[in-house]
Amino acid sequence: MKLLQIKMYRRINYIAAILVLVCGFGAQAQVTTSSPYSRYGLGNIKGSLLPQFRAMGGISTAVGKVTGFNNINMQNPASYAGINLTTIDIGMTAGTTNLTRGNLSQSSFNSTFSHLAFAAPVTRRSALSFGILPYSDLGYSYKNTVKVDTTTVNQLYEGEGGLSKAYLGYGYRFGDHLRIGGNLEYIFGNLQTTRATEFQSVGAINAKLQNKNSVAGLNYSYGIQYDFNVGKKTLVTLGYSGSTSGKINSTQTFFATQYTRDQDGNENTAIDTLSSINNGKSNLTLPLTHNFGIAIQQNDKWLIGADFRMSKWSKTTINNVSQGLQDSWGASLGGQWTPDAYSYNSYLKRIDYRLGVSYDKTYIQINNQDIKQMGASLGFGFPLPTATGGSAFYKINFTTEVGQRGTLNNNLVKEQYINFHLGFTLNDTWFRKYRVD
């Protein structure tokens, strides 16, 4: 009985530590980005991927477990059916971005809390999962200077905010090879944009459009996985996942104002409001998405997989206005290798080594130029020792992504980035009944 109390005390402390971390991240870090391409659509789409999947180029649709360690793969909820231990994953992300346009360049650094996810088995054939993670980031500030007749005009563009996703999912296994699952997702957050036209002369009357969309609503995603043996040690898994093209409620606030600037360049109070919408009811349309994947693995040793994805962004609207986006598609290739997951005399053999590449034709097209994104990733899963006699397992997952988006052609912006993802994963038997004599 005393042993049971000690274990429960440790688990309570662990939950408390997670809550402190989450509150700390929420207070000190914001979901930010510095990308002019986040101006389009819903911002930079983050994807439902934990660091261990990003390290493999983002493959996830057909990925379950490589070793006996449980990971939460919310990209395909069918994978929940393979979870047999209580699993918690918490993490953060940081990155540097360098923007180049002609002879100009600018660098920035951002960091934020990235995810909190929980999963636990319900029966021998099923498990549930819930958590919260970013859906999109919006963050940019730039200026274009143009000539109108003989007058110099500055066009200012700013945006901030983003959307988050809270989900509740369930996966079930039929027989020995077929798994299905689904997620109920709550999308929420704010998208704020500002566009202004300013004349360079002091006292000139300038114009500004300010738009804010407060988003909150439900969406659904689903998935299926089927695996079969090829030989005695090799397993092949086929996977599909997708999400519905749902409409999310949105509350719009819009102001069109006129204003001036003083001699020091400070903006004065608006002199006139030309148009306004306050708490207008509207909606936001999310795209229909499809993900296809295949993975080949040798249990407890290695995995190689590939994903193909496509999304119907051309149908996306905000406040019933088409966003002028194009359909997107992308592909990923990656894998993981663990020399000896159960080695007693070599820590290096127990580490998971991960590598991947990805390519995407994004939903953005500017001046008939498709904006493409490509990247490579490298990651490690570091197992941690425990003092519980093997009843709990911990792992630190670290991933580095290097890539670029955009081009210098047609006077566009090339965006080069290095992202770092850190996650802490726990596997434990929290809800097992103990027999006490």
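All figures in this text were calculated on a predicted structure; none of them were measured in a lab.

Caption draft 1: Broad picture of the overall build of the protein chain. Of the regular secondary structure elements, the protein chain holds 3 helices and 19 strands. Within the span of the protein chain, comprising 437 residues, buried residues form 46% of the whole. Pairs at least 24 apart in sequence give 66% of the contacts found in the protein chain among residues at least 6 apart. When the accessible area of the protein chain is evaluated, it comes to approximately 21,900 Å², of which 57% is carbon and sulfur surface.

Caption draft 2: Fine view of the packing of aromatic side chains. Taken as a whole and assessed by the stated rule, the structure comprises 16 aromatic pairs. Between Tyr 353 and Phe 380, the ring centres sit 5.8 Å apart and the planes meet at 80°, which makes this aromatic pair edge-to-face. Taken together, the positions of Tyr 353 in strand β16 (residues 352-366) and Phe 380 in strand β17 (residues 369-384) put the pair 27 residues apart, joining distant regions of the chain. Take Tyr 353: its relative accessible area is 26%, and that puts it in the partly exposed class. Each member of the aromatic cluster is reached from another via a ring pair, and the members are Trp 337, Tyr 353, Phe 380 and Phe 382. For Lys 208, the ring lying beneath its charged end belongs to Tyr 259, and the centroid distance is 4.9 Å. Sitting over the face of the ring of Phe 69, Lys 395 holds its NZ or CZ atom 4.4 Å from the ring centroid.

Caption draft 3: Representation of the confidence of the model for the protein chain. Across the protein chain, the average pLDDT comes to 87, with 89% of residues at 70 or higher. Segment residues 1-6 is flagged for pLDDT under 50; beyond a separation of four residues in sequence, or across chains, it makes 2 contacts in the model. Within the model, the stretch residues 12-31 combines pLDDT values under 50 with 24 contacts to residues more than four positions away or in other chains.

Reading the values: rules and limits
- Residues numbered from 1 in each chain as written.
- Predicted model: local features only at pLDDT ≥ 70, side-chain atom pairs only at ≥ 80, totals over all residues.
- Heavy atoms only, no water.
- Helix = DSSP H or I, 4+ residues; strand = E, 2+ residues; numbered from the N terminus.
- Buried < 20%, exposed > 50% of the residue type's maximum accessible area, 1.4 Å probe, protein only.
- Contact = heavy atoms within 4.5 Å.
- Areas by Shrake-Rupley, 256 points an atom, 1.4 Å probe, with all protein chains shown as cover.
- Phe/Tyr/Trp six-rings, centres within 6.5 Å; stacked < 30°, edge-to-face > 60°.
- Lys NZ or Arg CZ within 6 Å of the ring centre and 35° of its normal.
- pLDDT = per-residue confidence, 0-100.

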